[in-house]
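# Results of the structural survey
If you want the building blocks of each chain, they are given just below.
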Amino acid sequence: MSEITKRALAASLKNLLSKKTLDKITVTDIAEDCRINRHTFYYHFQDLYDLMEWMLLDEAKRVLGGHITYAAWKDNIASIFAYMKQNKALVMNAYHSIGHDYWEDHLEKLARPFICGIVAEQAQGMNIPDKHKNFIIDIYVHVIVDIFLKWIAKDMHESYDDTLALHFKLLDGSLKYNLQKFIAE
């Protein structure tokens, strides 16, 4: 029952975000939209930002479908771009009402497990100290997040296919190459 309620609250937030910015949405708005009382909202989430974070993580899991592998990384990123483009009003309203730092932090939280899995897969059989793996993960997370933030900041006018094609060309094959540089001797 808890998951159903959380998903209903997230659906309400998505619906409201497609019409107005987050700073114009209240817990009461969401509760009324879901036909629940405010106490039910607070039973599941601390505030709107907590709901927003849960919604972003849940949507990312749904869009990616658990297929986080090196072989599928391009498709995974393209799927997220497509999802964001399909939900442009929601994304832009959230982006303009929440600070850049919030988006950067939350996109990093979304990207980190994705990149960690890919790095772990590509580093199999390599003796690379964890601190060096973490360094590489940090770099790739920052690159991926920066791609998304710059695209959103440009109001998503640029075709994400064009944006991705250039980045894919640059990133393809670079992870294994960079991991090999850090093999412990």
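Placed above this text is the structure.
Let me sum up the structure you'll find in this document. (Residues numbered from 1 in each chain as written. Predicted model: local features only at pLDDT ≥ 70, side-chain atom pairs only at ≥ 80, totals over all residues. Heavy atoms only, no water.)

## Focus on the overall build of the chain
- The secondary structure content of the chain amounts to ten helices and zero strands.
- For the chain, the N- to C-terminal ordering of α and β elements is α-α-α-α-α-α-α-α-α-α.
- Each of the three principal axes of the chain carries a C-alpha extent, and together these read 60 × 35 × 25 Å.
- By the burial criterion, 43% of the 185 residues in the chain qualify as buried.
- Counting contacts in the chain only where the partners sit at least 6 residues apart, residues at least 24 apart contribute 74% of the total.
- Total accessible area on the chain is roughly 10400 Å²; 54% of this is exposed by carbon and sulfur atoms. (Helix = DSSP H or I, 4+ residues; strand = E, 2+ residues; numbered from the N terminus. Buried < 20%, exposed > 50% of the residue type's maximum accessible area, 1.4 Å probe, protein only. Contact = heavy atoms within 4.5 Å. Areas by Shrake-Rupley, 256 points an atom, 1.4 Å probe, with all protein chains shown as cover.)

## Re the packing of helix α4 (residues 48-64) against helix α7 (residues 100-122)
- Packing of α4 against α7 brings their axes to within 10 Å, and their N-to-C directions diverge by 40°. The hand of the α4/α7 crossing is right-handed. Between α4 and α7, the contacting residues are Tyr49, Met52, Glu53, Leu56, Leu57 and Ala60 on the first element and Tyr102, Trp103, His106, Lys109 and Leu110 on the second. (Axes fitted to C-alpha atoms, helices over the stretch in contact; angles between N-to-C directions. Left-handed = near helix turned anticlockwise from the far one by under 90°.)

## A look at helix α8 (residues 130-153)
- In a regular helix each residue adds 1.5 Å, so 24 residues correspond to 34 Å; α8 covers 34 Å between its end C-alpha atoms and thus fits that length.
- Of the positions making up α8, those classed as buried are Ile136, Ile137, Tyr140, Val141, Ile144, Val145, Ile147, Phe148, Leu149, Trp151 and Ile152.
- Where α8 is buried, its residues touch α5 (73-86), α6 (88-97), α7, α9 (160-171) and α10 (174-181).
- Looking at the residues trailing α8, positive phi occurs at Asp155, about 60°. (Expected span 1.5 Å × (residues − 1).)

## Let's talk about the nonpolar core
- By size, the foremost hydrophobic cluster in this structure holds 58 residues, and its most contacted members are Leu13, Leu17, Ile30, Met52, Ile77 and Trp103.
- The element best represented in this core is α8, accounting for eleven residues.
- Those residues in contact with Trp103 that sit more than four places away from it in its chain are Met52, Leu56, Val91, Ala94, Tyr95, Ile98 and Leu149. (Core = buried A, V, L, I, M, F, W, Y, C linked by side-chain atoms within 4.5 Å.)

## Focus: the pattern of salt bridges
- Following the criterion strictly, the structure yields nine salt bridges and no others.
- In this structure, Lys20 and Asp29 form a salt bridge, with 3.6 Å as the shortest nitrogen-oxygen distance.
- A salt bridge links Arg62 to Glu59; the shortest N-O distance between them is 3.0 Å. On the criterion of helical spacing, the pair formed by Arg62 and Glu59 is a turn pair, its members being three residues apart in helix α4.
- Taking the relative accessible area as the measure of exposure, Glu59 reaches 12% and is therefore buried.
- A single salt-bridge network, built from bridges that share partners, covers Glu3, Arg7 and Asp58. (Salt bridge = Lys/Arg side-chain N within 4 Å of Asp/Glu carboxyl O.)

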